[in-house]
Amino acid sequence: MFEEVVAVFHSLGMGVMKTLPISIAIGVVFTVLTTFWACNPGQPWWRKRELVTDLCYWFVIPLFARYLRIGLLIIGAAAVFGITTPEGLAEFYDDGHGPLAQLPMWSQAAIFLIASDLMMYWIHRIFHRPTMWKYHAVHHSSKDLDWISAARFHPVNIMLGSVATDVVMLLAGISPNVFVFLGPFTVAHSTFVHANLNWTLGPFRYVIAGPVFHRWHHTAADQGGEKNFASTFPILDVLFGTFYMPQALPERYGVSDEAFPPSFGAQMIYPFKQ
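Residues numbered from 1 in each chain as written. Predicted model: local features only at pLDDT ≥ 70, side-chain atom pairs only at ≥ 80, totals over all residues. Heavy atoms only, no water.

Asks: Which parts of the structure should I look at to understand the environment of Asn 228?
Replies: In this fold, Asn 228 is placed in the loop between helix H10 (221-225) and helix H11 (235-239). Ignoring sequence-local partners within four residues, the contact set of Asn 228 consists of Phe 213, Trp 216, His 217, Asp 237, Thr 242, Phe 243 and Tyr 244. (Helix = DSSP H or I, 4+ residues; strand = E, 2+ residues; numbered from the N terminus. Contact = heavy atoms within 4.5 Å.)

Structural data, given as structure tokens:
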């Protein structure tokens with residue numbers, strides 16, 4: 001038992017150590033970019049309010065999502081396909097299964113991106129409904145929206161959102177190897193859309209989500225807070241009537257609850273006290 005515990009902590013430590021240089025590189029890149037193209041000029045991201053809270057999310061939530069994803073994949077394979085042995089699981093997930101796994105990797109990556117974004121669009125809208133908002137409010141609580149805010153998600157939001165869509169796609173037969181390409185893209189794009197940049201992307205605003213597109217989603221509900229739900233492809237918002245991109249730039253972010261707790265621990269408990 002002791003060895004298993006040590007192995008878990010070793011894995012967590014290695015995960016943090018791998019994340020650290022990537023985080024530093026991302027921070028440097030957006031520091032330079034916001035020097036010239038800030039959407040909301042003011043304090044730099046490293047002096048923002050609740051920076052410690054965002055750092056907790058940044059290092060904890062990805063690790064939580066990783067182990068949760070593995071657990072749900074094991075449960076899913078057992079429940080749907082009756083696979084329970086370590087060998088069987090390794091063979092089942094190694095290169096995917098069924099018709100989807102026979103497609104070229106680029107095709108699988110494209111199918112994964114499009115299908116998961118469509119699922120996430122509707123899941124996102126569900127989280128904006130009164131019964132689920134208390135979990136998603138955590139993500140909207142940052143008043144100083146910047147790249148480091150990208151990981152600010154409550155575990156329930158992560159479990160029923162990105163982790164659930166990943167599990168569905170892998171159970172459907174998509175090879176886990178798509179994450180070799182999509183993993184870095186997801187991290188880079190998520191930080192990009194939350195970055196303090198005034199980039200509208202011009203005519204490409206309908207092709208891929210950009211900073212201004214997503215920053216409007218973090219404004220008040222009577223502005224753009226109930227618009228722009230797509231994670232990657234804004235065309236979904238165009239199709240379903242939720243696209244919002246006025247000429248002005250967004251200015252204020254956060255939730256309407258002035259008593260919303262600022263610390264990581266308190267935000268973990270917040271939804272269960274509502």
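Asks: How should I be thinking about the nonpolar core in this particular structure?
Replies: Soluble globular proteins: nonpolar side chains tend toward being buried together. Among the nonpolar cores identified, the biggest contains 42 residues, and Phe 30, Tyr 57, Trp 58, Tyr 93 and Trp 147 are the most heavily contacted of them. Listing elements by their share of this core, those giving two or more residues are helix H1 (2-37), helix H2 (51-81), helix H3 (86-94), helix H6 (130-140), helix H7 (155-171), helix H8 (179-194), helix H9 (211-217) and helix H12 (264-269). Residue contributions to this core peak at 8 residues, all from H2. Not counting residues up to four positions away in its chain, the partners in contact with Tyr 57 are Pro 62, Val 138, Ala 151, Arg 152, Phe 153, Phe 264, Gln 267 and Met 268. Core analysis: the second largest hydrophobic core is formed by 6 residues, Phe 112, Met 169, Val 178 and Leu 182 among them. (Core = buried A, V, L, I, M, F, W, Y, C linked by side-chain atoms within 4.5 Å. Buried < 20%, exposed > 50% of the residue type's maximum accessible area, 1.4 Å probe, protein only.)

Asks: What should I look at first to understand a nonpolar patch on the surface in this one?
Replies: A cluster of nonpolar residues, Leu 118, Trp 122, Phe 204, Tyr 206, Val 207, Ile 235, Val 238, Leu 239 and Phe 240, forms a patch on the protein surface that exposes about 840 Å² of accessible area. Elements that contribute at least two residues to the nonpolar patch include exactly helix H5 (105-127) and H11. Here the element with the most residues in the nonpolar patch is H11; it accounts for 3 residues. Mapped onto the fold, Trp 122 is located in helix H5. (Patch = residues over 30% accessible without salt bridge, like charges linked within 9 Å, V, L, I, M, F, W, Y side chains within 5 Å. Areas by Shrake-Rupley, 256 points an atom, 1.4 Å probe, with all protein chains shown as cover. Salt bridge = Lys/Arg side-chain N within 4 Å of Asp/Glu carboxyl O.)

Asks: Help me understand H8, please; the structure alone is not making it clear to me.
Replies: At 3.6 residues per turn, the α-helix brings residues three or four places apart onto the same side. Compared with an ideal rise of 1.5 Å per residue, which puts 16 residues at 22 Å, H8 spans 21 Å between its outermost C-alpha atoms and is within 8% of the ideal. What H8 keeps buried is the set Leu 182, His 189, Thr 191, Phe 192, Val 193 and His 194. (Expected span 1.5 Å × (residues − 1).)

Asks: Looking at this structure, I do not really get the packing of H5 against H6. What am I missing?
Replies: Axes are the key here: two packed helices are described by the angle between their axes and the distance separating the axes. Relative orientation of the contacting elements H5 and H6 amounts to 105°, with a least axis distance of 7 Å. With respect to each other, H5 and H6 are oriented roughly perpendicular. Facing His 124, Ile 126 and Phe 127 of H5, the residues of H6 in contact are Met 132, Trp 133, Tyr 135 and His 136. Counted by class, the contact of H5 with H6 contains 5 nonpolar, 2 polar and no charged residues. (Axes fitted to C-alpha atoms, helices over the stretch in contact; angles between N-to-C directions. Parallel < 35°, antiparallel > 145°, perpendicular 65-115°, else oblique. Nonpolar A, V, L, I, M, F, W, Y, C, P; charged D, E, K, R; others polar.)

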